[in-house]
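Summary of structural features
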Amino acid sequence: MIAPLLKRFEIREAVGAENFFLFGLTTEEVYARKAAGYDPGQYYNSNAELKEVLDGLASRRFSRGDIGLFRPLLDSLHTSDPYMLLADYQSYIECQDRISQVYLDQDRWTRMSILNTARMGKFSSDRAIREYCDEIWRARPVDVTLTDLSPEAQ
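The rules behind each value
- Residues numbered from 1 in each chain as written.
- Predicted model: local features only at pLDDT ≥ 70, side-chain atom pairs only at ≥ 80, totals over all residues.
- Heavy atoms only, no water.
- Core = buried A, V, L, I, M, F, W, Y, C linked by side-chain atoms within 4.5 Å.
- Buried < 20%, exposed > 50% of the residue type's maximum accessible area, 1.4 Å probe, protein only.
- Helix = DSSP H or I, 4+ residues; strand = E, 2+ residues; numbered from the N terminus.
- Contact = heavy atoms within 4.5 Å.
- Phe/Tyr/Trp six-rings, centres within 6.5 Å; stacked < 30°, edge-to-face > 60°.
- Polar contact = N/O pair within 3.5 Å; in protein donor to acceptor, adjacent residues only side chain to side chain.

**Section: the nonpolar core**
In this structure, Tyr38, Tyr43, Leu50, Leu54, Met84, Leu86 and Ala87 are the most contacted members of the largest nonpolar core, which totals 13 residues. Ranked by residues supplied to this core, first place goes to helix H6 (residues 85-104) with three residues. Not counting residues within four places of it along the chain, the set of residues in contact with leucine 86 comprises Tyr38, Pro40, Tyr43, Tyr44, Leu50, Leu54, Leu77 and Asp81.

**Quick look at the packing of aromatic side chains**
The relative placement of two aromatic rings is captured by the distance of their centres and the angle of their planes. In the structure shown here, the tally under the stated rule is four aromatic pairs. Plain terms: the ring middles of phenylalanine 23 and tyrosine 92 are 5.3 Å apart, the flat faces sit at 70° to each other, and that makes the pair edge-to-face. Taken together, the residues span a long stretch of sequence, with phenylalanine 23 in the loop between helix H1 (2-15) and helix H2 (27-35) and tyrosine 92 in helix H6 at a distance of 69 residues. With a relative accessible area of 36%, tyrosine 92 lands in the partly exposed category. Taking 5.5 Å as the distance between ring centres and 55° as the angle between the ring planes, the aromatic pair formed by tyrosine 132 and tryptophan 137 counts as tilted.

**Some thoughts on the side chain of serine 63**
Looking at where serine 63 falls in the secondary structure, it is placed in the loop between helix H4 (48-58) and helix H5 (71-79). Within the structure, serine 63 has its side chain in polar contact with the backbone oxygen of aspartate 66 (distance 2.7 Å). Other than its neighbours up to four places away in sequence, serine 63 contacts Leu69 and Phe70.

What follows is the structure in structure tokens.
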């Protein structure tokens, strides 16, 4: 779980904090809440909007009458919530509000979009795959000889 958090901050550093929307618990907060015995029910019971969303999924409203369709998801969120989604919910909503406000300022939004795009080269999939091969999987390249099977070559 730490690796994605580190990448998130790496991207934030590359594009600039002023061009990045950050939400959710910090690594330290995640560890502290898990150590204290994370209880997703605390967030469900204390946030009326979150409760309404989850209760809506539990009803037949979004499942064409299949009351069990979202049961595995809801059971996971209510009992363990391994990714601490309920803990991050309010922060996410507040971040979405900030995004909406920035979007209304089209000059600022355009500038942020251009800077984010221009500074993303470092985060290409080629680089990510190479790093995973080197640092995680310890995989090395293999030379492959391809045979030309085109009709012209035969």
